[in-house]
Amino acid sequence: MTERAKTPEAQASVADAPKGNWVDLYAPAALRPYLRLSRADRPIGTWLLLLPCYWGLWLAAAADPAGIGWRDLWIFAGCTVGAAVMRGAGCTWNDITDREFDAAVARTRSRPLPSGQVSVRQAVVWMALQCLIGAAILFTFTPMAIALGVASLALVAIYPFAKRFTWWPQFFLGLAFNWGALVAWAAHTGSLSLPPVILWVAGILWTLFYDTIYAHQDKEDDALIGVKSTARLFGDDSSRLWLTRFLIGSVSLAALAVIAALIEAGSVWPMALGLLGVMLFGWHLRWQLARLDTTDTENCLHLFRSNRDAGLILALFLAGAATV
């Protein structure tokens with residue numbers, strides 16, 4: 001470890017992490033840089049990766065005449081732990097590839113790699129360890145789910161480079177972050193069909209919605225260092241129009257996925273609960289849009305984080321549809 005890593009500044013909380021987070025307060029000092037690499041000090045990303053898994057699992061169970069089985073409890077637990085470690089591995093990979101960019105931005109230069117708290121080699125070992133834990137969970141699922149989980153690694157590998165060659169890196173994030181809807185559906189059913197694919201696309205549009213809001217925090221720094229984003233592409237004037245389009249598309253496709261999955265069941269209550277969940281999910285996105293100020297970084301961060309609640313609303317109603 002470098003001399004810089006031993007300074008009090010290097011050991012302090014990362015600038016863009018919530019103040020008083022559990023890593024800063026309770027984690028052993030030696031583990032803190034690694035937990036920060038995994039973004040364990042800001043769990044919102046884990047939620048946003050995990051919630052589409054819950055969507056896919058509960059929609060599959062709702063469409064299954066047998067309903068929820070004991071194995072679904074393991075899929076639920078596996079997705080929960082797997083999302084945490086694979087989000088950590090993805091964030092570690094992102095920080096490895098972005099370490100020079102992060103060093104040039106005030107909000108991110110205190111992260112473990114640019115601040116010298118860990119070396120690139122240490123970060124790679126940490127990433128591999130998290131991937132091994134994720135693989136151990138994945139290989140308890142069905143062959144189709146395993147194949148889909150392995151395929152997702154390509155999306156994770158590409159994402160950090162997307163902002164270098166396209167104005168739509170949020171789209172690539174959406175591809176990866178919502179892949180769990182397909183994996184969880186396949187873990188329950190053993191196969192893949194149209195409803196989870198529609199749900200995946202709905203999730204991609206949701207990611208475009210919330211991550212465009214998030215990217216408005218960094219658009220000035222991104223412009224200085226040449227990083228592309230939908231926030232820079234749309235600007236303050238057009239963002240609201242684009243976010244409205246993403247909202248309408250996400251809600252419409254989520255409703256279509258529910259209908260496509262449950263129409264053959266012939267039961268009113270699962271369909272009603274699923275569609276009510278979609279409606280409330282859409283209401284939450286509309287609530288965010290009404291309060292958005294793209295020139296206020298605190299406002300953007302607050303609304304971005306509120307998407308945990310938006311996604312959780314839909315997950316809870318789909319779970320209800322699977323139990324009635």
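Please read all numbers here as calculations on a predicted model, not as lab measurements. (Residues numbered from 1 in each chain as written. Predicted model: local features only at pLDDT ≥ 70, side-chain atom pairs only at ≥ 80, totals over all residues. Heavy atoms only, no water.)

Re the environment of Leu301
Phase 1 of the analysis: Note that Leu301 resides in helix α15 (residues 297–305).
Phase 2 of the analysis: For the pair Leu301 and Ala272, spaced 29 residues apart in sequence, the C-alpha to C-alpha distance is 33 Å.
Phase 3 of the analysis: Contact partners of Leu301, with chain neighbours within four places excluded, come to Tyr214 and Gln217. (Helix = DSSP H or I, 4+ residues; strand = E, 2+ residues; numbered from the N terminus. Contact = heavy atoms within 4.5 Å.)

What to know about the state of the cysteines
Phase 1 of the analysis: Applying the stated criterion across every chain, the model contains 0 disulfides.
Phase 2 of the analysis: Here Cys131 stays unpaired: no disulfide links it, and the sulfur of Cys91, its closest cysteine neighbor, is 12 Å away. (Disulfide = S-S within 2.5 Å.)

Considerations on a nonpolar patch on the surface
Phase 1 of the analysis: Nonpolar side chains collect at one region of the surface, where Trp22, Leu25 and Tyr26 lie side by side and expose about 390 Å² of accessible area between them.
Phase 2 of the analysis: By the element assignment, Leu25 lies in helix α2 (residues 22–26).
Phase 3 of the analysis: Residue class for Leu25 comes out partly exposed when judged on its relative accessible area of 48%. (Patch = residues over 30% accessible without salt bridge, like charges linked within 9 Å, V, L, I, M, F, W, Y side chains within 5 Å. Areas by Shrake-Rupley, 256 points an atom, 1.4 Å probe, with all protein chains shown as cover. Salt bridge = Lys/Arg side-chain N within 4 Å of Asp/Glu carboxyl O. Buried < 20%, exposed > 50% of the residue type's maximum accessible area, 1.4 Å probe, protein only.)

Overview of the packing of aromatic side chains
Note on aromatic pairs: each is described by the distance of the centres and the angle between the planes.
Phase 1 of the analysis: Per the stated rule, a full pass over the model turns up 19 aromatic pairs.
Phase 2 of the analysis: Aromatic pair Trp242 and Phe246: ring centres 5.9 Å apart, planes at 45°, arrangement tilted. Highlighted residues: Trp242 and Phe246, both in helix α13 (residues 230–262), separated by 4 residues, approximately one helical turn.
Phase 3 of the analysis: Among the residues examined, Trp242 registers a relative accessible area of 28% and is labelled partly exposed.
Phase 4 of the analysis: A connected cluster of aromatic rings, assembled from ring pairs, spans Trp55, Trp206, Tyr210, Tyr214, Phe281 and Phe304.
Phase 5 of the analysis: The ring of Tyr159 has Lys163 lying over it, and the distance from NZ or CZ to the ring centre is 5.7 Å.
Phase 6 of the analysis: The aromatic ring of Trp47 is capped on one face by Arg308, whose charged end is 5.9 Å from the ring centroid. (Phe/Tyr/Trp six-rings, centres within 6.5 Å; stacked < 30°, edge-to-face > 60°. Lys NZ or Arg CZ within 6 Å of the ring centre and 35° of its normal.)

Describing the packing of helix α4 (residues 44–63) against α13
Phase 1 of the analysis: The contact between α4 and α13 brings their axes to 8 Å, and the two run at 30°. Two packed elements cross with a definite hand, and for α4 against α13 that hand is right-handed. Residues Leu59, Ala62 and Ala63 of α4 form the contact with α13, whose own contacting residues are Ala257, Val258, Ala261 and Leu262. (Axes fitted to C-alpha atoms, helices over the stretch in contact; angles between N-to-C directions. Left-handed = near helix turned anticlockwise from the far one by under 90°.)

Regarding the pattern of salt bridges
Phase 1 of the analysis: The full count for this structure, using the stated rule, is 8 salt bridges.
Phase 2 of the analysis: Linking Arg36 and Asp24 is a salt bridge whose minimum nitrogen-to-oxygen distance equals 2.9 Å. One end of the pair, Arg36, is in helix α3 (residues 32–37); the other, Asp24, is in helix α2, and 12 residues separate them in sequence.
Phase 3 of the analysis: Of the residues examined, Arg36 reaches a relative accessible area of 2% and is grouped as buried.
Phase 4 of the analysis: On the basis of relative accessible area, Asp24 is assigned to the buried category, the value being 17%.
Phase 5 of the analysis: Residue Asp236 is joined to Lys219 by a salt bridge in which the shortest nitrogen-to-oxygen separation is 3.4 Å.

Some thoughts on the packing of helix α14 (residues 268–291) against helix α16 (residues 307–323)
Phase 1 of the analysis: Contact geometry of α14 with α16 gives a least axis separation of 7 Å together with a crossing angle of 175°. The orientation of α14 relative to α16 falls into the category roughly antiparallel. Between α14 and α16, the contacting residues are Pro270, Leu273, Gly274, Leu276, Gly277, Val278, Leu280, Phe281, His284, Leu285 and Gln288 on the first element and Asn307, Asp309, Ala310, Gly311, Ile313, Leu314, Phe317, Leu318, Gly320 and Ala321 on the second.
Phase 2 of the analysis: A class-by-class count of the residues in the contact of α14 with α16 yields 13 nonpolar, 7 polar and 1 charged. (Parallel < 35°, antiparallel > 145°, perpendicular 65-115°, else oblique. Nonpolar A, V, L, I, M, F, W, Y, C, P; charged D, E, K, R; others polar.)

Remarks on the environment of Ile137
Phase 1 of the analysis: Along the chain, the position of Ile137 falls in helix α7 (residues 120–138).
Phase 2 of the analysis: A sequence separation of 128 residues divides Ile137 from Ala265, and the C-alpha atoms of the two residues are 31 Å apart.
Phase 3 of the analysis: The residues contacting Ile137, other than those within four sequence positions of it, are Trp74, Gly78, Val81 and Gly82.

Let's talk about α14
Phase 1 of the analysis: With 24 residues, α14 should reach 34 Å at 1.5 Å per residue; the first-to-last C-alpha distance of 35 Å fits that figure.
Phase 2 of the analysis: When α14 is considered as a whole, its buried residues turn out to be Pro270, Met271, Gly274, Gly277, Val278, Phe281, Gly282, His284, Leu285, Gln288 and Leu289.
Phase 3 of the analysis: Considering only its buried residues, α14 is in contact with α4, α11 (194–215), α13, α15 and α16. (Expected span 1.5 Å × (residues − 1).)

Notes on the confidence of the model for the protein
Phase 1 of the analysis: For the protein, the average pLDDT comes to 92, and 96% of its residues sit at 70 or higher.
Phase 2 of the analysis: Considering only residues more than four positions removed or in separate chains, one finds that residues 1–10, a stretch of pLDDT under 50, has 15 contacts. (pLDDT = per-residue confidence, 0-100.)

Description of unusual backbone geometry
Phase 1 of the analysis: Within the chain, Arg39 stands out as a residue other than glycine whose phi angle is a positive 60°.
Phase 2 of the analysis: Looking at where Arg39 falls in the secondary structure, it is placed in the loop between α3 and α4.
Phase 3 of the analysis: For Arg39, a relative accessible area of 7% gives the class buried.

Observations regarding the nonpolar core
Across soluble globular proteins, nonpolar side chains show a tendency to be buried alongside one another.
Phase 1 of the analysis: Among the nonpolar cores identified, the biggest contains 76 residues, and Trp55, Leu59, Phe141, Trp206, Phe209 and Phe281 are the most heavily contacted of them.
Phase 2 of the analysis: Here the element with the most residues in this core is α4; it accounts for 14 residues.
Phase 3 of the analysis: If we skip the residues at most four places from it in the chain, Trp55 touches Leu199, Gly203, Trp206, Phe281, Gly311, Leu314, Ala315 and Leu318.
Phase 4 of the analysis: Listed in part, the 7 residues of the second largest apolar core include Tyr34, Leu37, Leu113 and Val118. (Core = buried A, V, L, I, M, F, W, Y, C linked by side-chain atoms within 4.5 Å.)

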